[in-house]
Amino acid sequence: MKTTVAKLKVGERGRIEQIAIESIPLNLLEMGCLPGKEIELIQVAPFNDPLYIRVNGSHLAIRRDVAAKIQITKL
Amino acid sequence: MSNAKIIKIALVGNPNTGKTSLFNQLTGLKQNVGNYPGITVDRKEGFFKLNATTSASIIDLPGTYSINPTTLDENIVLETLFHPAKNEAPDVVVMVADVENLKRNLLLFSQLKDLEIPIILAINMADQMKRKGISIDIEALKTDLDTEVLLISARKNQGIDTLKKHILNYKKISTQALDGLSIKIDKEFFGALKETFPNKSLYQAWLTITQFHNLKNLSIIEKEAAQEFLNCHNKVKHLQHKETILRYQKINNILKKDYKVDRLKGSDLRAKLDKVLMHRVFGYVIFFLVLFLIFESIFDWAIGPMNFIDNLFLQLSNWTEMQLPPGVLTNLIVHGIIPGLGGIAIFIPQIAILFLFIAVLEETGYMSRVVFLMDKIMRLFGLNGKSVVPLMSGTACAIPAIMAARNISSWKERLITILVTPFITCSARLPIYAIIISLIIPNERLFGILSLQATVLMLLYLIGFLTAIISAFILDKTLKIKKRAFFIVEMPNYKLPSPKNVAYTVIEKTKAFIFGAGKIILALSIVLWFLASNGPSKFKDAEQIVTQDNPELNTTSPDFNQKVGSYKLEHSYIGYMGKAIEPIIKPLGYDWKIGIALISSFAAREVFVGTLATIYSVENEGDTETIRERMKKEINQDTGKPLFDFPTGMSLLLYYVFAMQCMSTLAVVKRETNSWKWPILQLFFMTGIAYLVSFTIYTFLS
């Protein structure tokens, strides 16, 4: 099922889409958020933002607006 | 030693890889912090010996995930390694990598390698490998990465000697590019690029066109060439993404054979701690407990040392006065320089304690969790999760606090943080609050438990904090600056703090305060001393005039001396300045004496109390109790009632809550924003608000 990281629930995982690379900011890509990689939503901060994700061995906090740009297939 | 050599090393790496631990391990306390010319990023440099004839100088570059910068700090890495200023180019780069996150660390490595500079890869935290089930084939990595690779453990001092050997032999290290960027990505684009910059390698040309706006030392001709090239080719962003993906593919292929990890062995300490520390409810409860602990310690632990420092300088001043022959120079030293130095030293305990806590919170990895918890709330007011650290530090002193805003990558959010931080009640306001509260608020208990005086003090802190937040909100809505940077924060592994790293951070920050604010406080103290100890004719004839007016007084009695002192201050230059501003401050309920104290407290707010003590010719200037008693007796010349009554007291308290009453902060804001516009705006707005609020409250209450 196609969706974005922003729509995942805590504990859910997805695989980053090949086609979406250009909508992801370069520095997020550089930190390991690459197409084809598995991404997990670990936690959501109070007031629903930011999101705490694990991707490609990195543990990162990103804001919801960026998460909404990362297109994934839900696993 | 004419043949002594110095090898220049640049230390780079991702944040949280133990880069600073290695730096401290190599250099000990032989390090100094300066500034890069023209910008405000700290430049940490250290020195150590490699062997009997060769020594090394090492620069600790800011932590970064990539050569493509997103903050001012990260830009330094790009400039130093790619287009350094004269004499800044390193001979060799030491890159520190985290053994647990080698893949991501190697991205930066692959970029640096393509710059064709000698680079040593030091894989840190090797002592954790066994516990985490990691095994690495170092020899294979050396071949695949085409450079020296070694395992170290900076905290346990392992592998440091081998690293030194590699540094000594840096000339033998290959400077071949790994070709992470290849013409194959886009033959047409990179072919044209090669033609435009025939003298550069492909990667150098690529960095030139993608980063030329970040490269100060690039020639104008090259900048124009880069701009022109971009005008014709507009798919740079797409290619940058492609480049990164290809680099990771290469790294993955290498690590697949050289790096093994047994997933089962990984500990779940992180997950367990995160569940509690980042919990929707407990997360906040724990954070506020931590905050409470910090404030409690700043006030409790610091009181002893602060009194000690206060007494020390008082005694030093008295002792010096007795040792030196009387004269202008002695006067300058005893009443200008020594109290000026004391005014700086008195803040050291609070600043050191605060940075002790902040260093521990950052070392353990907890601070990143706080940033995560607070980001959304802070963002409602135009701030950033990372603004928490500056705002917390502001309770000790605005100067290190404003400097702590540097790692906020969005310029707008950083600027707002800088502009509102001075509203946070700093430790220099405390002596003023304490003395005035004790004068105007009865020492009673509210509902039998809460101390009324303590409640008022708390309210003043709260007003300061709320004003900061509200101003941030207004600034966010009015400042027309586009937000570009993205918020990405790494959540590092939890670690026990290294005492060495914590101690060095505390020393470094305290030094930054002493030399940053200290210079201005000292200089201003001397100017104020001059203005207070010189004056026109009446000042010079003070003793005669006092004798005439008070014939009953013995000219050797302390009473007489105090009267002369207070008469002199009244007729000194600063006394006339106080009288000159009296019409302006009268609507707030102040007289010219308070005016003098207001002016002198520009050096540092707490000077207010000391100045009043001199004006009221209090015998023992160091004793708060006697100053308080004397202030109580002061009569308002117009009304005949006590001067420090409830309306005037409240007006003064609120004035100090809002006013930008600190030269050093203005100087730091000027430095951090690189313009006079912001500190001047700050001065007028904050002092304007202070005036309006004090005027309103005074008129309303009286």
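All values derive from a computational prediction rather than experimental measurement. (Residues numbered from 1 in each chain as written. Chains lettered and ligands numbered in written order. Predicted model: local features only at pLDDT ≥ 70, side-chain atom pairs only at ≥ 80, totals over all residues. Heavy atoms only, no water.)

A.B. asks: What's the story with the overall build of chain A in this structure? I'm lost.
C.D. replies: Looking only at helices and strands, chain A has two helices and six strands in total. Ordering the α and β elements of chain A from the N terminus gives β-β-α-β-β-β-α-β. Taken over the C-alpha trace, chain A has a radius of gyration of 11 Å; the compact-globule value for 75 residues is 11 Å, and the two agree within 12%. Its C-alpha atoms give chain A principal-axis dimensions of about 30 × 25 × 20 Å. Considering only intrachain contacts with a sequence separation of at least 6, the fraction spanning at least 24 residues in chain A is 54%. Put simply, chain A shows about 2900 Å² of open surface, and 52% of that area lies on carbon and sulfur atoms. Between the averaged position of the 11 positive side-chain charges in chain A and that of its 8 negative side-chain charges there is a distance of 5 Å. (Helix = DSSP H or I, 4+ residues; strand = E, 2+ residues; numbered from the N terminus. Rg over C-alpha atoms; globule rule 2.2 N^0.38 Å. Contact = heavy atoms within 4.5 Å. Areas by Shrake-Rupley, 256 points an atom, 1.4 Å probe, with all protein chains shown as cover. Lys, Arg positive; Asp, Glu negative; His and termini not counted. Charge placed at Lys NZ, Arg CZ, Asp CG, Glu CD.)

A.B. asks: How should I be thinking about the side chain of B:Gln211 in this particular structure?
C.D. replies: Residue and element names in this part refer to chain B. Within the fold, Gln-211 resides in helix α8 (residues 202-211). Residue classification places Gln-211 among the buried residues on the basis of a relative accessible area of 5%. If near-sequence neighbours (up to four positions away) are discounted, Gln-211 is found in contact with Asn-68, Pro-69, Leu-78 and Gln-240. (Buried < 20%, exposed > 50% of the residue type's maximum accessible area, 1.4 Å probe, protein only.)

A.B. asks: Please clarify how the interface of chain B and chain A should be interpreted in this entry.
C.D. replies: Interface size is often expressed as the accessible area that is lost when the parts come together. Contacts between the two partners involve 40 residues from chain B and, on the opposite side, 34 residues from chain A. A combined buried area of about 3400 Å² lies between chain B and chain A, and 60% of that area is made up of carbon and sulfur atoms. When residues of chain B are sorted by the area they lose upon contact with chain A, B:His241, B:Phe372 and B:Ile488 head the list and together hold 21% of the total. At the boundary of chain B with chain A, the tally comes to three salt bridges. Residue A:Arg63 is joined to B:Glu413 by a salt bridge in which the shortest nitrogen-to-oxygen separation is 3.6 Å. The tally of links between chain B and chain A comes to 15 residue pairs in polar contact (both at pLDDT 80 or more). Looking at the side of chain B that touches chain A, the elements that each hand over two or more residues are α3 (102-113), α10 (236-258), α11 (269-277), α15 (366-380) and β12 (488-490) of chain B. (Buried area = accessible area lost by both parts, 1.4 Å probe. Salt bridge = Lys/Arg side-chain N within 4 Å of Asp/Glu carboxyl O. Polar contact = N/O pair within 3.5 Å; in protein donor to acceptor, adjacent residues only side chain to side chain.)

A.B. asks: Sorry, what's going on with the sheet that holds strand β6 (residues 71-74) of chain A here?
C.D. replies: Strand pairing in a sheet relies on backbone hydrogen bonds, with the paired strands running either antiparallel or parallel. Taken in spatial order, the seven strands line up as β1(A)-β6(A)-β2(A)-β3(A)-β4(A)-β5(A)-β12(B) in an open sheet, and their pairing is antiparallel. Strand pairing shows two members of the sheet lacking a second neighbour, β1 (2-4) of chain A together with β12 of chain B, which therefore form its edges. When the angles between neighbouring strand axes are averaged without regard to direction, this sheet yields 40°. Relative to β6(A), strand β2 (residues 13-16) of chain A is paired through three bridges, and the arrangement is antiparallel. Across the sheet, residue A:Gly14 finds its bridge partner in β6(A), namely A:Lys74. (Pairing = 2+ DSSP bridges. Axes fitted to C-alpha atoms, helices over the stretch in contact; angles between N-to-C directions.)

A.B. asks: Just to check I follow, could you spell out the pattern of salt bridges for this structure?
C.D. replies: Side chains carrying opposite charge are able to pair once their charged atoms draw close together. Tallied over the entire structure, the rule returns 31 salt bridges over all chains. The salt bridge involving B:Glu79 is made with B:Lys216; its shortest N-O contact spans 3.3 Å. With a gap of 137 residues between them, B:Glu79 in helix α2 (residues 72-82) and B:Lys216 in the loop between α8 and α9 (220-232) connect regions that are remote in the sequence. With a relative accessible area of 8%, B:Glu79 lands in the buried category. Its salt-bridge partner being B:Glu570, residue B:Lys579 comes within 3.0 Å of it at the nearest N-O pair. Since its relative accessible area comes to 28%, B:Lys579 is described here as partly exposed. B:Glu570 sits in the partly exposed class, given a relative accessible area of 23%. In this structure, a network of salt bridges that share partners links the residues A:Asp49, A:Arg63, B:Asp375, B:Arg379 and B:Glu413.

A.B. asks: So what exactly am I meant to see when it comes to the packing of aromatic side chains here?
C.D. replies: Residues and elements named next belong to chain B. A full pass over the atoms with the stated rule returns 12 aromatic pairs over all chains. When the ring of Tyr-590 is compared with that of Tyr-655, the centres are 6.4 Å apart and the planes differ by 85°; the resulting orientation is edge-to-face. Placement of Tyr-590 in the loop between α25 (573-585) and α26 (592-600) and of Tyr-655 in helix α29 (residues 646-658) is noted, with a sequence separation of 65 residues between them. Tyr-655 shares its class with Tyr-590; the two are buried. Plain terms: the ring middles of Phe-608 and Tyr-656 are 5.3 Å apart, the flat faces sit at 70° to each other, and that makes the pair edge-to-face. (Phe/Tyr/Trp six-rings, centres within 6.5 Å; stacked < 30°, edge-to-face > 60°.)

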